[in-house]
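Residue strings, one per chain:
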Amino acid sequence: MKFYTISNDLSISNDERFGNYDKYTVFELLRNIERNFSICIGKMPYSNTPCKILYHPLHPMIVNVPYERIIFLSVSHNNMFEWIYQFSHEYCHNIINGTMNGDTGGLSWFEETVCEIASIYHVRSTCNQYQTSDYSYLRMLAEDIQKRNHDALLSLPYHTTHQSIRHELLPPIVENLHRTQSHDINRGLYREIAQIATPLFEENKNLWKIILHFGDSRQWNSLEDLFVHLQETSDDSYSVSLKKLHDMLL
């Protein structure tokens, strides 16, 4: 199988199921996400394990294999919103560096929520970055993504029966999330929590450094214990923001 090189750590398969997409623009978008994550976590450039991007007909996911990661994306043609949204989520898993074996135990739901935050964060930051670009096609791209962003992030992508949650209802919902260990069932809740929490990461991008300290999220059974660990490993650049996130969720 032929692969196109995107960056030192990223390549993508020449799979016709990705459709006839603008490789120049898509590759630039993915490199931009990689760069922005590097800035946020304070590792420039960030390099962990080489990632190969493959097509998946059903849903995006990431798999850990010897010596590399496989990121599956379910996107085709020039749907730039989905390229950004799906890749940001899976690349966040890559940085967290857990087991990536599909196990839904422990605090894997929290990892999924943080990766949803990554998707929203990078869609918004990409729009903001390109809206002031000197290149007209990038400004037009940002406007198109912004429209899709507005439509998509105000509705749930999965069928759910719950009503939209209010900020003050977060703690009891979070407390019970681990009891339903099904990401498919809870995905809508992850997204809603992410929408509420994303502004904290936009307010202080250093807060992204927490993903360097999760380890295997499946080994944690208490969100409070994880936050104690995150506070102990935090620095002055984001400890206050981390406390805000703690108070929001717990």
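Residues numbered from 1 in each chain as written. Predicted model: local features only at pLDDT ≥ 70, side-chain atom pairs only at ≥ 80, totals over all residues. Heavy atoms only, no water.

Visitor: What is the right way to look at the environment of Val-228 in this model?
Guide: Tracing the backbone through its elements, the reader meets Val-228 in helix 7 (residues 223–232). Note: C-alpha distance between Val-228 and His-246 (18 residues apart in sequence) is 9.5 Å. (Helix = DSSP H or I, 4+ residues; strand = E, 2+ residues; numbered from the N terminus.)

Visitor: So what exactly am I meant to see when it comes to the packing of helix 1 (residues 23–41) against helix 3 (residues 108–130) here?
Guide: Working note: a packed helix pair is described by the angle between its axes plus the distance between those axes. Axis separation between helix 1 and helix 3 bottoms out at 11 Å; the angle between their running directions is 110 degrees. The orientation of helix 1 relative to helix 3 falls into the category roughly perpendicular. Judged by residue contacts, Glu-28, Leu-29, Asn-32, Ile-33, Asn-36, Phe-37 and Cys-40 of helix 1 engage Ala-118, Tyr-121, His-122, Ser-125, Thr-126, Gln-129 and Tyr-130 from helix 3. Its residues assigned to classes, the contact of helix 1 with helix 3 comprises seven nonpolar, six polar and one charged. (Axes fitted to C-alpha atoms, helices over the stretch in contact; angles between N-to-C directions. Parallel < 35°, antiparallel > 145°, perpendicular 65-115°, else oblique. Contact = heavy atoms within 4.5 Å. Nonpolar A, V, L, I, M, F, W, Y, C, P; charged D, E, K, R; others polar.)

Visitor: Where do I start with the packing of aromatic side chains in this structure?
Guide: Two measures describe an aromatic ring pair: the distance that separates the ring centres and the angle between the ring planes. On inspection of all chains with the given rule, the structure shows 15 aromatic pairs. Centre to centre, the rings of Tyr-121 and Trp-208 are 5.4 Å apart; their planes meet at 75 degrees, and the pair counts as edge-to-face. A residue pair is termed long-range when its members are at least 10 positions apart, and Tyr-121 in helix 3 and Trp-208 in the loop between helix 6 (183–203) and helix 7 qualify at 87 residues. Per residue, the accessibility class of Tyr-121 equals that of Trp-208, and both read buried. Taken together, the ring pairs connect Tyr-4, Phe-18, Tyr-21, Phe-27, Tyr-55 and Trp-83 into an aromatic cluster. Just above the ring of Tyr-21 sits the side chain of Lys-23; from NZ or CZ to the centre is 4.7 Å. (Phe/Tyr/Trp six-rings, centres within 6.5 Å; stacked < 30°, edge-to-face > 60°. Buried < 20%, exposed > 50% of the residue type's maximum accessible area, 1.4 Å probe, protein only. Lys NZ or Arg CZ within 6 Å of the ring centre and 35° of its normal.)

Visitor: It is not clear to me how the pairing of strand 2 (residues 10–13) should be interpreted in this structure. Could you clarify?
Guide: Strand residues, when the strand is regular, have side chains that alternate between the two faces of the sheet. Here strand 2 shows two buried faces, one formed by Leu-10 and Ile-12 and the other by Ser-11 and Ser-13. Here strand 1 (residues 3–5) pairs with strand 2 via three bridges, running antiparallel. Residue Tyr-4 lies in a different strand from strand 2, and its bridge partner there is Ile-12. Between the end of strand 1 and the start of strand 2, which pair antiparallel, lie four residues. The pairing of strand 2 with strand 3 (residues 51–55) spans three bridges and is parallel. When the bridges of strand 3 are listed, Ile-12 appears paired with Ile-53. (Pairing = 2+ DSSP bridges.)

Visitor: Looking at this structure, I do not really get the sheet that holds strand 4 (residues 61–65). What am I missing?
Guide: The strands making up a sheet are joined through hydrogen bonds of the backbone, oriented either antiparallel or parallel. If you walk across this open sheet you meet the five strands as 1-2-3-5-4, and the pairing is mixed. Since the sheet does not close on itself, it has two edges, and those belong to strand 1 and strand 4, each with one partner. Neighbour-to-neighbour, the strand axes of the sheet open up by a mean angle of 25 degrees, direction not taken into account.

Visitor: Any chance you could explain the pattern of salt bridges here in plain terms?
Guide: Note on pairing: side chains with opposite charge can pair once their charged atoms come close. This structure, assessed with the given rule, holds twelve salt bridges. Linking Arg-124 and Glu-202 is a salt bridge whose minimum nitrogen-to-oxygen distance equals 3.5 Å. Placement of Arg-124 in helix 3 and of Glu-202 in helix 6 is noted, with a sequence separation of 78 residues between them. Among the residues examined, Arg-124 registers a relative accessible area of 24% and is labelled partly exposed. Looking at Glu-202, the relative accessible area reads 38%, which means it is partly exposed. Across the pair Asp-235 and Lys-209 runs a salt bridge, and its minimum N-O distance is 3.5 Å. Residue Asp-235 is found in the loop between helix 7 and helix 8 (239–249), and its partner Lys-209 is found in the loop between helix 6 and helix 7; the two are separated by 26 residues along the sequence. On the accessibility criterion, Asp-235 (31% relative accessible area) is partly exposed. Salt bridges here are not isolated pairs; linked through shared partners, they connect Glu-28, Arg-31 and Arg-35. (Salt bridge = Lys/Arg side-chain N within 4 Å of Asp/Glu carboxyl O.)

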